[in-house]
Amino acid sequence: MDQDLYKSRSEILEFFTSHGLLVTREALDLILKSNTGPLINRLITSEVLQSGYVTVDGIRSILNVPMDSSDRKYEIYLPDIRVRSSAEDFRGYFVSRYQKLKKILSTSSAMRGTVDIPTLKKPGFEAREVRIVGMVTESGITKNGHKRLVVEDLEDSIEVILMKNKKSFDEIILEDEVVGIVGGLSSKGDRRTIFANEIVRPDIPFRVIDEEKADPVYLASISDIHVGSRTFRKSEFTSMLKWINASDTDSSRLKYLVLSGDVVDGIGVYPGQDSDLEILDPMEQYGKLAEYVNQVPEDISVFIMPGNHDIVRLAEPQPVLPDELRKLFNDNVVLLPNPYTLDLEGKKVLIYHGMSLNDMVELIPGLNFSTIGKAVEELLRRRHLAPKYGGKTPLIPSNNDFHVIEEVPDIFITGHVHSHAIGNYKGVRYVNSSTWQSQTEYQRMMNFSPNPSMLTLFDLKSRSTVIKDFKS
Ligand code: FE
Ligand code: ZN
């Protein structure tokens, strides 16, 4: 039979049927679209015959069909929120936060037998030890030096004391955090107080993490590129792009590239920014960024998230960059909101620009920008990307708190503070993803000392993480 005949759907179908093979519709579409009809004889391998099926994966591995953009449609979920916030929105927001975190806390064995606050307050209620889940609405020190909290559930509130001689005293508890409390109940007349023995965090559960026996598939993470700034490190960024395009073993295994916010420097972000800018017009900054990003090979998916320097609204969750900017980029570029969780090769990749890291450094004693990994871990422990409401992180209250870390991520990517730190917290690999900008005068004032020009590679098939430093 003439090979050129295998061009129509029916001919290809007939060919496979005559070999006793079933072909999936996606596989058939792929053959037609990639014009590999004349090559289908090569699909008749012993593996394929044994399985009885012709699938997309089979075709890719045998015929080397390149990925194209239409196969890589990522359905990006956009948070639907109103920007006008009423008292009702605030209530809805905190209810959502409470319920999501309570659900996570209830899976912990330490929280078995949780009661709600109204139950504790019923006359005649007695228990040696009580367990509640509450949102911290007040926190202070008593005149005897103990910690005093007021915590609320959906119906009522109660006072909680952390005695200074107990271990639980050392816990750093932020306002608006949702925690589990285990302690003794004391009653004085109508007044009820819990003397806490233990504070339980939603935290990351211990898990067994499988490693597949497979060649590495890399996800690369970069952040805070700040194109348009006078201190944007052009030559290092260019050599990074050159590396991506090279036939180096690591770079050829690169399939995904994440840009986690502040992709351009923007304008009017901080006082006196004009004098730090090489490109004043933000649209031109994005144009320049697109020139760089479009050099990334089409078979690598590029994800772009906004940060506080980008032109979308500052309050989180931040929407994706506007449509008119979408047009500047190649088809392999996918725009993300901030925060966002991607599912790549069966791995959950949580990406957050990282504005709340400023608050964490301020609120948690002992943390600073050079130990930023610890701040990242404190977010994971609290299963929340912005535990304190209304600090330096503007949030839009809606009926859904998008900052709760509902699913345990495999990889957690943040940026914003321009340092570089990688780590592994209970099986969650994380990075604070460096920058491609040198220190500006303003950053010097703010005590930001960047560690620029680093690219981090996460192998999606194993637990390994590789750092590439492009500093010259
Ligand atoms: Fe930045
Ligand atoms: Zn930022």
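Asks: Tell me about the pattern of salt bridges, residues and numbers included.
Replies: The tally for this structure, following the rule as stated, stands at 28 salt bridges. Two residues, E159 and R191, come together in a salt bridge whose shortest N-O distance is 2.9 Å. In this pair, E159 sits in strand β5 (residues 157-162) while R191 sits in strand β7 (residues 191-200), placing the two residues 32 residues apart along the sequence. Look at the salt bridges and you will find they share partners, linking E171, E177, R201, E378, R381 and R382 into a network.

Asks: Which residues make up the coordination of the zinc ion (ligand 2), and what values do they have?
Replies: At this site the zinc ion (ligand 2) is bound by D262 (OD), N308 (OD1), H353 (NE2) and H416 (ND1), with donor distances of 2.1 to 2.2 Å. In primary sequence terms, the donor set of the zinc ion (ligand 2) follows D-x45-N-x44-H-x62-H. The distance between the zinc ion (ligand 2) and the iron ion (ligand 1) comes to 3.3 Å, with D262 serving as a donor to both metals. You can see N308 sitting in the loop between β10 (301-305) and α10 (323-326) and its partner H416 sitting in the loop between β14 (411-414) and β15 (420-425), a full 108 residues away along the chain. The class of H416 is buried, set by a relative accessible area of 6%.

Asks: So what's going on with the coordination of the iron ion (ligand 1)? Residues and values would help.
Replies: Distances from the iron ion (ligand 1) to its protein donors, D224 (OD), H226 (NE2), D262 (OD) and H418 (NE2), fall at 1.9 to 2.3 Å. One way to put it: the 4 donor atoms around the iron ion (ligand 1) meet at angles of 85 to 176°, and that makes the site irregular. Mapped onto the polypeptide sequence, the residues donating to the iron ion (ligand 1) form the spacing pattern D-x1-H-x35-D-x155-H.

Asks: A description of unusual backbone geometry should follow, citing residues and the corresponding values.
Replies: Each neighbour pair has its own omega, and for E316 with P317 the value is 0°, a cis peptide bond. The step from N338 to P339 runs through a cis peptide bond, and the omega angle for that step is 0°. Inspection of the secondary structure assignment puts P339 in the loop between β11 (333-335) and β12 (340-344). Although it is not a glycine, E345 sits at a positive phi angle of roughly 55°.

Asks: With reference to specific residues and values, describe the sheet that holds β7.
Replies: Pairing within the closed barrel is mixed, and its 5 strands lie in the order β3-β4-β5-β7-β6. The average undirected angle you get between the axes of adjacent strands in this sheet is 55°. The sheet contacts of helix α5 (residues 87-106) involve β3 (130-141), β4 (147-152), β6 (178-188) and β7, and relative to β3 the element is tilted by about 130°.

Asks: Tell me what's going on with the pairing of strand β18 (residues 465-469), and back it up with residues and numbers.
Replies: As paired strands, strand β17 (residues 454-459) and β18 are joined by 5 bridges and run antiparallel to one another. Residue pairing across strands places L455 opposite K468, the latter belonging to β18. Joining the antiparallel neighbours β17 and β18 is a turn of 5 residues.

Here is what the cut-offs are and how they apply
Here the residue numbering is sequential within each chain, running from 1 through the sequence in written order. Working convention: letters from A go to chains and numbers from 1 go to ligands, in the order in which they are written. Only residues with pLDDT of 70 or above have their local features reported here, since the model is predicted, and side-chain atom pairs are shown and tallied only from 80 upward, although totals for entire chains, interfaces and linings are computed over all residues. Just so you know, side-chain values use all the structure's heavy atoms and leave hydrogens and water out. The term salt bridge refers to a side-chain nitrogen of Lys or Arg lying within 4 Å of a carboxyl oxygen of Asp or Glu. Counting from the N terminus, the helices are the DSSP runs of H or I reaching at least four residues and the strands are the DSSP runs of E reaching at least two. Coordinating N, O and S atoms are those within 2.8 Å of the metal (3.2 Å for Na, K and Ca), and as water is not part of the atoms, a site may appear to have fewer donors than expected. Accessibility here uses a 1.4 Å probe with only protein chains present; expressed as a share of the type maximum, an area under 20% marks a residue as buried, one over 50% as exposed, and anything in between as partly exposed. Donor angles set the geometry label: tetrahedral for four donors if every angle is between 85 and 135 degrees, square planar for four and octahedral for six if opposite donors exceed 155 degrees and the others are between 65 and 115, irregular for anything else. For two strands to pair, DSSP has to find at least two bridges joining them. Interaxial angles span 0 to 180 degrees and are taken between N-to-C directions of axes, which are lines fitted to C-alpha atoms, for helices over the stretch in contact. Whether two residues are in contact is decided by their heavy atoms: any pair within 4.5 Å suffices.

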